[in-house]
Amino acid sequence: MALLVFACILVVGRLRGRAPVPPQVGDERGGPARAADRTIARRRRFLHRLALVAPWVIVAPFVVTEALPFVDVFLRYTAPALAVAFPGDPLDVRWWVYAAPPAAATVCFAVVFVVLSHERAHPEVPVTPVVRRGWAHFVSRRDAAVATAALALFVLTALIAGGASSPDDNGWFSRLEIPVGETGPGSMTFFGWAYSVPALVAIAVLTALVVGSLRNDSFRPFVRPETVGAETAARRDTAALLTRLFIATILLTLGGAWFMIGGAGTGAVGVGIPGFGMFMFSAGYASFAPAFVVAGVALQAAAVVLLLLTIRMRRRLGQMPAAPAHLSTDVAA
């Protein structure tokens, strides 16, 4: 469904041409635009549409999965006949809640990968590079550092939480055992392998698409010497947009994982002992579990804010900045 929505919006936007039309570059004689100018203009229009559509595609699964429990509670009190009947075991392990945002982002980045792979790759006039361009050449150091840190934190969280998880009655590693003495261990719902593995798979595919898209864009030769500045600016804007969408997706998933881990730590398992009363047992990290809850909410809020800021970038991304070729250090003068 996300693929159909994303593809339809891009096609409609292309047909209607509502994106700002970038000015011509490199044609001081006022004649018809060369192929280089048209290539840069198409890139700018694509970035404009991507910045408008992709954040909504990524955040939609998060909003829907977060809203369903509240809708269910509302219906149970207002219209019991319409209440949502959530499936039972073993499907009560709602792993898709955490895999949905990176899966939706994967759809967007698959479209980006295809578009960038089919963009013009043959120069009209050879341009001699003076620096070796890697796949992350056009990514800013700040964005690269934040993306790497977010990805590393999620992988570390998934591995540690998965290793600490225990299987439920159906064999899904979705529980955290809590020792309760001689009565046997209790358990709480936890971000175990049942939740982390699907999210890890989706994020692995997403990461591969991001790297592949940036690599295709970085290794593609410039079209003409006089358009190097404009092409460089467009590629840097592309890298910034893709990296920030990637960061927001990771933060959404990581925030959900930390919130779940913190919720398991703040919970308790009660055991009643005849003649003594009820005793409550909690996880070993209960003292700092609330910090995970707060951090999880903060990460998700930061991801949503970043997506909204990305949407606001669309007008700037759709415009052609003045970027003379001599300002670029990627090619020989």
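Since this is a predicted model, take the numbers as computed values, not measurements.

A. Molecular detail of the nonpolar core. Ranked by size, the top nonpolar core spans 63 residues in total, and within it L50, F109, F191 and L245 carry the most contacts. Residue assignment for this core shows that the elements contributing at least two residues are α2 (35-78), α3 (96-117), α4 (141-164), β2 (173-178), α5 (193-219), α6 (228-266) and α7 (289-312). For this core, the element with the highest residue contribution is α6, accounting for 17 residues.

B. Local environment of the side chain of S213. Topologically, S213 is positioned in helix α5. Look at S213 and you get buried, because its relative accessible area is 0%.

C. Representation of the confidence of the model for the protein. Across the protein, the average pLDDT comes to 76, with 65% of residues at 70 or higher. Confidence over residues 87-91 falls short of pLDDT 50; this stretch has five contacts with residues more than four positions distant or in other chains.

D. The arrangement of the packing of α4 against α6 in detail. Following both chains from N to C, one finds α4 and α6 inclined at 30 degrees, their axes separated by 9 Å at the closest point. Accordingly, the angle class assigned to the pair α4 and α6 is roughly parallel. Of the two elements, α4 crosses α6, and the hand of that crossing is left-handed. Listed contacts from α6 to R142, D143, V146, A147, A150, L151, L153, F154, T157 and A161 of α4 are A240, T243, R244, F246, I247, I250, L251, T253, L254, A257, W258 and I261.

E. Spotlight on the side chain of T310. You can see T310 is positioned in helix α7. Classification of T310 by relative accessible area gives buried; the value is 1%. Each residue touching T310, except ones within four places of it in the same chain, is listed here: A51, P55, L241, R244 and L245.

F. Examining α7 more closely. Taking 1.5 Å of rise per residue, the 24 residues of α7 would be expected to cover 34 Å, and the 35 Å separating its terminal C-alpha atoms lies within 8% of that figure. Those residues of α7 that fall on the buried side of the exposure criterion are A289, G296, L299, Q300, A303, L306, L307, T310 and I311.

G. Local environment of the environment of R315. By the element assignment, R315 lies in helix α8 (residues 314-317). C-alpha of R315 to C-alpha of R44: the two residues are 271 residues apart in sequence and 9.6 Å apart in space.

H. Seen up close, the pattern of salt bridges. Applying the stated rule across the entire model yields six salt bridges. With its nearest N and O atoms 2.6 Å apart, the salt bridge here joins D217 to R43. Residue D217 is located in helix α5, and its partner R43 is located in helix α2; the two are separated by 174 residues in the primary sequence. Like D217, the residue R43 is buried in the burial classification. The residue R244 makes a salt bridge to D143 at a minimum N-O spacing of 3.4 Å. Of this pair, R244 sits in helix α6 while D143 is found in helix α4, placing the two residues 101 residues apart along the sequence. Taking the relative accessible area as the measure of exposure, D143 reaches 7% and is therefore buried. Within the structure, one salt-bridge network assembled from shared partners comprises R43, D217 and R220.

I. Spotlight on α4. The end-to-end C-alpha separation of α4 is 34 Å, in line with the 34 Å expected for 24 residues at 1.5 Å each. Within α4 the residues assigned to the buried category are D143, A147, A150, F154, T157, A158, A161 and G162. Buried residues along α4 sit against α5 and α6.

J. Region of the structure containing the packing of aromatic side chains. For the structure shown, the criterion picks out seven aromatic pairs. Look at Y98 and F191: their rings are 5.4 Å apart centre to centre, the planes differ by 70 degrees, and that puts the pair in the edge-to-face class. Of this pair, Y98 sits in helix α3 while F191 sits in the loop between β3 (186-189) and α5, placing them 93 residues apart in sequence. In this structure Y98 comes out as buried when scored by relative accessible area, which is 14%. A relative accessible area of 0% means that F191 is categorised as buried. Taking 5.6 Å as the distance between ring centres and 90 degrees as the angle between the ring planes, the aromatic pair formed by Y98 and Y195 counts as edge-to-face. Of this pair, Y98 sits in helix α3 while Y195 sits in helix α5, and the two are 97 residues apart along the sequence. Each member of the pair Y98 and Y195 is classed as buried. Members of the aromatic cluster, joined through ring pairs, are Y98, F154, F191 and Y195.

The rules behind the values
- Numbering of residues begins from 1 in every chain and follows the order in which that chain's sequence is written.
- Note on the predicted model: pLDDT of at least 70 is required for a residue's local features to be given, and 80 or more for side-chain atom pairs to be given and counted; whole-chain, interface and lining totals, by contrast, use all residues.
- In computing side-chain values, all of the structure's heavy atoms are included and hydrogens and water are not.
- Side-chain atoms within 4.5 Å are what join buried Ala, Val, Leu, Ile, Met, Phe, Trp, Tyr and Cys residues into a set we call a nonpolar core.
- Relative accessible area decides the class of each residue, using a 1.4 Å probe on protein chains only: under 20% of the type maximum gives buried, over 50% gives exposed, and in between gives partly exposed.
- Put simply, DSSP H or I for four residues or longer makes a helix, DSSP E for two residues or longer makes a strand, and each gets a number counted from the N terminus.
- Values of pLDDT, the confidence the predictor places in each residue, fall between 0 and 100.
- It only takes one pair of heavy atoms within 4.5 Å for two residues to be counted as in contact.
- Under this scheme, a helix contributes an axis fitted over its contacting stretch, all axes are lines through C-alpha atoms, and angles between N-to-C directions fall in the 0 to 180 degree range.
- When describing relative orientation, an angle under 35 degrees is termed roughly parallel and one over 145 degrees roughly antiparallel, while 65 to 115 degrees is termed roughly perpendicular and anything else oblique.
- If you view the pair so one helix is near and one far, a crossing is left-handed when the near helix is turned anticlockwise from the far one by less than a right angle, and right-handed when it is turned clockwise.
- Take the residue count of a helix, subtract one, and multiply by 1.5 Å to get its expected span.
- The working definition used for a salt bridge is a side-chain nitrogen of Lys or Arg within 4 Å of a carboxyl oxygen of Asp or Glu.
- When two rings of Phe, Tyr or Trp (its six-membered ring) have centres within 6.5 Å they constitute a pair, described as stacked for plane angles under 30 degrees, edge-to-face for angles over 60, and tilted for the intermediate range.

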